[in-house]
Amino acid sequence: KYHGVKKNRIARLNPDGDLDESFKGGANGIIWTTALQPDKKILVGGDFGQIDGVKRNRIARLNSDGKIDNSFDPGNGANGWVYAMAIQDDGRIVIGGDFTVFNGRPRNRIARLDTDGSLDATFNPGAGPDSGIRAIAIQSDQKILLGGVFQYFNDISLDHIARLNGNGSVDMSFV
């Protein structure tokens, strides 16, 4: 609830802090992370299985009114929680969390999605981190900063922070 109004785990506020009643929709589980696209669509990640009654495992995109955007289809989505996400300049989405599979394909705790929600096969993080990712940031050069509870990424000792190149490989120049 927000100020006594029932909302299903997501709400939008007006600049004065009042509830925006025009924003509809909701999730059947926790939303841990959001990202706003330049077109005002909203990416959400977390531990949910449905948005507005539509199956979306832990990742979805909402239209600006809060309703599900059916043009974004992640298939079976992630098999574990999505804690972090960031949007690259080209619109692709980097997600991280505690999942090991995305839409039936192995992806240890990190994946990159194309703008339609499909897995970007050109992003290859190898074995990935040994434990969860909790934060993602995209640098101006499109390198990807990661923070989390991991100690290793691809068997390289990185102790909770790493930087990846655009193809998913570890940037060894980042110490």
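Residues numbered from 1 in each chain as written. Predicted model: local features only at pLDDT ≥ 70, side-chain atom pairs only at ≥ 80, totals over all residues. Heavy atoms only, no water.

A. Just the pattern of salt bridges, in detail. Enumeration according to the criterion identifies 11 salt bridges in this entry. Here Arg12 makes a salt bridge to Asp20, at a shortest N to O gap of 2.9 Å. The shortest N-O distance in the salt bridge between Asp90 and Arg92 comes to 2.7 Å. Judged by relative accessible area, which is 43%, Asp90 ranks as partly exposed. (Salt bridge = Lys/Arg side-chain N within 4 Å of Asp/Glu carboxyl O. Buried < 20%, exposed > 50% of the residue type's maximum accessible area, 1.4 Å probe, protein only.)

B. Just unusual backbone geometry, in detail. Positive phi, close to 70°, is recorded for Arg58, a residue that is not glycine. Relative to the helices and strands, Arg58 resides in the loop between strand 4 (54–55) and strand 5 (59–62). On the basis of relative accessible area, Arg58 is assigned to the buried category, the value being 19%. Even without glycine at this site, Arg109 takes up a positive phi of about 70°. With respect to the helices and strands, the residue Arg109 is situated in the loop between strand 9 (105–106) and strand 10 (110–113). With a relative accessible area of 17%, Arg109 lands in the buried category. (Helix = DSSP H or I, 4+ residues; strand = E, 2+ residues; numbered from the N terminus.)

C. Summary view of the side chain of Arg163. Relative to the helices and strands, Arg163 is located in strand 15 (residues 161–164). Within the local environment of Arg163, its side chain forms a polar contact with the side chain of Gln139, the two groups lying 3.4 Å apart. A distance of 3.5 Å separates polar atoms of two side chains, one belonging to Arg163 and the other to Ser173. Setting aside its immediate chain neighbours within four residues, Arg163 contacts Gln139, Lys143, Ile144, Leu145, Ser169, Val170, Asp171, Ser173 and Phe174. (Polar contact = N/O pair within 3.5 Å; in protein donor to acceptor, adjacent residues only side chain to side chain. Contact = heavy atoms within 4.5 Å.)

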